[in-house]
Amino acid sequence: MITALRGTHDILPGEVEKWQHVERIARQLCEQYGYVEVRTPVIEREELFSKGTGETTDIVQKEMYSFTDKGGDRVTLRPEATPSMVRAYVEHNLENVLPAAKLFSMGPMFRYERPQKGRYRQFHQLDVEVFGMQDPAVDAEVIDLAWSLIADLGIAQAELVINSVGCKDCRPMFQEALLKALGDDLGKLCQDCQRRAKTNPLRIYDCKVPADQPIIDRLPHSVDYLDEKCAAHFAGVQGHLNTFGIPWRISHRLVRGLDYYTRTTFEVLGQTLGAQNALLGGGRYDGLVEKLGGPDRTGIGFAAGLERLVLALPESAPIAAPRRAFVVAIGEEGRAEALKLLVELRRAGLAAQMELEARGLRAQMKRADRLGARVTLLVGGDELARGEVTLRDMTSGAQRAVVRSEIVQAVREVVSS
Ligand code: HAM
């Protein structure tokens, strides 16, 4: 028996309906907010991520599925969508092609992480990106879209946390203050943090090692080191969120695990997910487009983990099951007519099924039951001679004869009632 790889999952009937529900709501919302869909390859050049996601991130240092292909190129299964979206935006000159560079994408991502609830090696994201607009209203619109997604999915008790990590001008001052405040305590932090202090001190805030937490909690806050422009921008974002009626709180430790963030960062945290509680996360990345060889354009976006959204769905989520008709053939003489009716129902756009291998009446009725048919049509014998079909409403159990020529309309009425 060859099984699926650790950290990867088949999404089977029974669960796949929840995925379709989440994907449908996500797509509807993105379109409602004026975002257009882009689909990029799952495989890219390795350097897109080492440069884009950043050399000092856990993703690039430990988690990428990278290999040399048969042509000798270093390639990577994408660990996140943002660098690919930037590449596509630049490569296809989308700022001139599209009326607004507001893009979304959905698909699988790959990170070689230690699997646990809500954390997998193949997972899926809804990714949303906006290029070339830096007004705080854009940050607020992106956050509003993220918040609406959670609300429309009926996920309760979610919490929006925001922060600003400043820009390339004011960040050095904050980093200096951070290292100064750490002082001799640096030696007491874990090995990872000691490395982070050299490569990207902000990343220390990501540390999850319990013994390090009291030291990290005493460190300075990035919002106290913003320059005038960044401070005004962050105040603008907060003002818009208030206008939109979205509740938020500042989390000083929200630096996010990717290297490209500037100014606004945000996450929506769920209550039901345990340690992996981020339903979605994102922020502004104003230098990334240029870094990846494009023009000097700003960017902001977020990605939501679809597995986590599915896990957080309320029990009562209205997952629409198809309301099917099931055609039952009585005896050999009924079979040909039943098959004809099956095709007719489908041509009319109705969901209809039938037992295609000839079986007894009882077995067919049992199957109709298991499929959760809304209505069953019995075709054969006397009714057929009279030009009628027996329609059984599976919810009420009521049964009646319907003239053959009116059966499609009768089924339509029952399944839409
Ligand atoms: P991220 O925080 O690495 O950001 O991932 C975003 C979301 O993807 C997380 O909040 C989580 O829901 C989900 N996720 C991440 N890793 C896993 C995993 N191993 N298993 C299951 N779900 C996971 C990004 O990826 C950025 N590209 C977001 C962004 C877009 N920033 C700006 N634009």
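Bear in mind the structure is a predicted one, so any value in this text is a computation, not a measurement. (Residues numbered from 1 in each chain as written. Predicted model: local features only at pLDDT ≥ 70, side-chain atom pairs only at ≥ 80, totals over all residues. Heavy atoms only, no water.)

A. Just the sheet that holds strand 3 (residues 65-68), in detail. Read across the sheet, three strands follow the order 2-4-3 without closing on themselves; strand pairing throughout is antiparallel. Edge strands, defined here as strands with exactly one partner in the open sheet, are strand 2 (43-45) and strand 3. For this sheet, the mean inter-axis angle between neighbouring strands, taken without regard to orientation, is 35°. (Pairing = 2+ DSSP bridges. Helix = DSSP H or I, 4+ residues; strand = E, 2+ residues; numbered from the N terminus. Axes fitted to C-alpha atoms, helices over the stretch in contact; angles between N-to-C directions.)

B. Region of the structure containing the packing of aromatic side chains. Applying the stated criterion across every chain, the model contains nine aromatic pairs. Through pairs of rings, three or more aromatic residues link up here, namely Tyr89, Phe131, Tyr260, Tyr261 and Tyr285. Sitting above the plane of the tyrosine 112 ring, arginine 121 keeps its charged end 3.8 Å from the centroid. (Phe/Tyr/Trp six-rings, centres within 6.5 Å; stacked < 30°, edge-to-face > 60°. Lys NZ or Arg CZ within 6 Å of the ring centre and 35° of its normal.)

C. Structural view of helix 1 (residues 16-32). The terminal C-alpha atoms of helix 1, which comprises 17 residues, lie 24 Å apart, in line with the 24 Å expected from a rise of 1.5 Å per residue. Of the positions making up helix 1, those classed as buried are Trp19, His21, Val22, Ile25, Ala26, Leu29 and Cys30. The buried residues of helix 1 all sit within an arc of 160° when viewed along its axis, so they share a single face. Against strand 5 (102-110), strand 6 (122-131), helix 6 (136-152) and helix 12 (306-312) lie the buried residues of helix 1. The first or second residue beyond helix 1 is glycine 34, which carries a positive phi of 85°. (Expected span 1.5 Å × (residues − 1). Buried < 20%, exposed > 50% of the residue type's maximum accessible area, 1.4 Å probe, protein only. Arc of directions from axis to C-beta. Contact = heavy atoms within 4.5 Å.)

D. Focus on the sheet that holds strand 8 (residues 249-250). Taking strand neighbours across the sheet as the criterion, the eight strands line up as 1-5-6-11-10-9-7-8 in an open arrangement whose pairing is mixed. Strands with a single pairing partner mark the edges of an open sheet, and in this sheet they are strand 1 (36-37) and strand 8. The pairing of strand 9 (residues 262-269) with strand 10 (residues 278-284) spans six bridges and is classified as antiparallel. By the bridge assignment for strand 10, threonine 262 is matched with arginine 284. Those strands touched by helix 6 are strand 5, strand 6, strand 7 (159-164), strand 9, strand 10 and strand 11 (299-305), and its axis lies near 10° from that of strand 11.

E. Structural context of a nonpolar patch on the surface. Residues Val42, Ile43 and Phe67 make up a contiguous nonpolar surface patch of about 220 Å² in total accessible area. Along the chain, isoleucine 43 falls in strand 2. Residue classification places isoleucine 43 among the partly exposed positions, given a relative accessible area of 38%. (Patch = residues over 30% accessible without salt bridge, like charges linked within 9 Å, V, L, I, M, F, W, Y side chains within 5 Å. Areas by Shrake-Rupley, 256 points an atom, 1.4 Å probe, with all protein chains shown as cover. Salt bridge = Lys/Arg side-chain N within 4 Å of Asp/Glu carboxyl O.)

F. Layout of the side chain of aspartate 144. If you trace the backbone, aspartate 144 turns up in helix 6. Of the side chains with opposite charge, lysine 102 lies nearest to the buried aspartate 144, which makes no salt bridge, at 10.0 Å. In this structure the side chain of aspartate 144 is engaged in a polar contact, spanning 2.8 Å, whose partner is the side chain of tyrosine 33. When residues no more than four places from it in sequence are discounted, the contact partners of aspartate 144 are Tyr33, Phe244 and Ile246. (Lys, Arg positive; Asp, Glu negative; His and termini not counted. Polar contact = N/O pair within 3.5 Å; in protein donor to acceptor, adjacent residues only side chain to side chain.)

G. Geometry of the packing of helix 6 against helix 10 (residues 228-244). Interaxial distance between helix 6 and helix 10 falls to 8 Å at its minimum, and their mutual angle equals 45°. Taken together, the axes of helix 6 and helix 10 lie oblique to each other. You can see that helix 6 and helix 10 cross each other, and the crossing is right-handed. Only His233, Gly236, Val237, His240, Leu241 and Phe244 of helix 10 make contact with helix 6, whose side of the interface consists of Pro136, Ala137, Asp139, Ala140, Glu141, Ile143 and Asp144. Tallied by class, residues from the contact of helix 6 with helix 10 come to seven nonpolar, three polar and three charged. (Parallel < 35°, antiparallel > 145°, perpendicular 65-115°, else oblique. Left-handed = near helix turned anticlockwise from the far one by under 90°. Nonpolar A, V, L, I, M, F, W, Y, C, P; charged D, E, K, R; others polar.)

H. Representation of the pairing of strand 10 in the model. In terms of burial, strand 10 is a largely internal element, six of the seven residues being buried. Alignment of strand 10 against strand 11, held across five bridges, turns out to be antiparallel. Counted as the bridge partner of arginine 284 is isoleucine 300 from strand 11.

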